[in-house]
Amino acid sequence: MELKVKKLHPEALLPRYGSEYAGCFDLHALLPETGGARLLPGDSLVVRTGLAFEIPASWSMDVFSRSGHGFKNGVRLANCVGIIDADYRGEVMVKLVNEGKAPLDILHGDRIAQAKLVPAPLVHFVEVEELGETARGEGGFGSTGVSA
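This is a predicted model, so every value here is computed, not measured. (Residues numbered from 1 in each chain as written. Predicted model: local features only at pLDDT ≥ 70, side-chain atom pairs only at ≥ 80, totals over all residues. Heavy atoms only, no water.)

Draft legend 1. Layout of the packing of aromatic side chains. Going through the model one piece at a time under the given rule, you end up with 1 aromatic pair. An angle of 85° between the planes, with centres 5.8 Å apart, marks the rings of Tyr17 and Phe25 as edge-to-face. (Phe/Tyr/Trp six-rings, centres within 6.5 Å; stacked < 30°, edge-to-face > 60°.)

This is the structure:
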């Protein structure tokens, strides 16, 4: 599959996969003027990627936190998962939140998030009087599984 990417800044880095079987590709920080930024505990920071994408129709690009940021630093995306729609052509930016105890230094070119294309078919909504029955029915939170 092909994904068209436009560099909005000459020093933006194209996404790349970190390993042969990676489920997501990495997005990199665009911080050429300052070289980097410091994300203090309790603060948030919007980080540019310098990239825009032409996402195919009936697909979206989902943006996720990097697991290393979460496990090692307590840093995550402010919106948990970013959804980039197929008709958006602006710059992809990432807002990070530091819920950890130490500052996180972000340098130009650092991997700041990961993303993947996800099928996003348009559905037609059909209003009905009744829904089909299941074993679970209307059981809500904690209603599945076996208690010990």
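Draft legend 2. Spatial organisation of the sheet that holds strand E8 (residues 75–77). The 3 strands lie next to each other as E5-E10-E8, forming an open sheet whose pairing is antiparallel. Across the chains shown, the open sheet's two edge strands, defined by having one partner strand only, are strand E5 (44–48) and E8. Each strand axis lies, on average, 30° off the axis of its neighbour in the sheet, ignoring direction. Here E8 pairs with strand E10 (residues 93–98) via 3 bridges, running antiparallel. Directly across from Arg76, in E10, lies its bridge partner Val97. (Pairing = 2+ DSSP bridges. Helix = DSSP H or I, 4+ residues; strand = E, 2+ residues; numbered from the N terminus. Axes fitted to C-alpha atoms, helices over the stretch in contact; angles between N-to-C directions.)

Draft legend 3. Seen up close, the layout of surface pockets. In this model, the largest pocket occupies a volume close to 200 Å³. Lining the largest pocket are Met1, Glu2, Leu3, Val5, Pro15, Arg16, Tyr17, Phe25, Phe53 and Leu117. Along the lines of polarity and charge, the residues of the lining of the largest pocket split into 8 nonpolar, no polar and 2 charged. (1 Å grid on protein atoms, 1.4 Å probe; cavity = no way out; pocket = protein on both sides within 12 Å on 5 of 7 lines; lining within 4 Å. Points joined across faces, edges and corners; volume = space filled by probe spheres on them. Nonpolar A, V, L, I, M, F, W, Y, C, P; charged D, E, K, R; others polar.)

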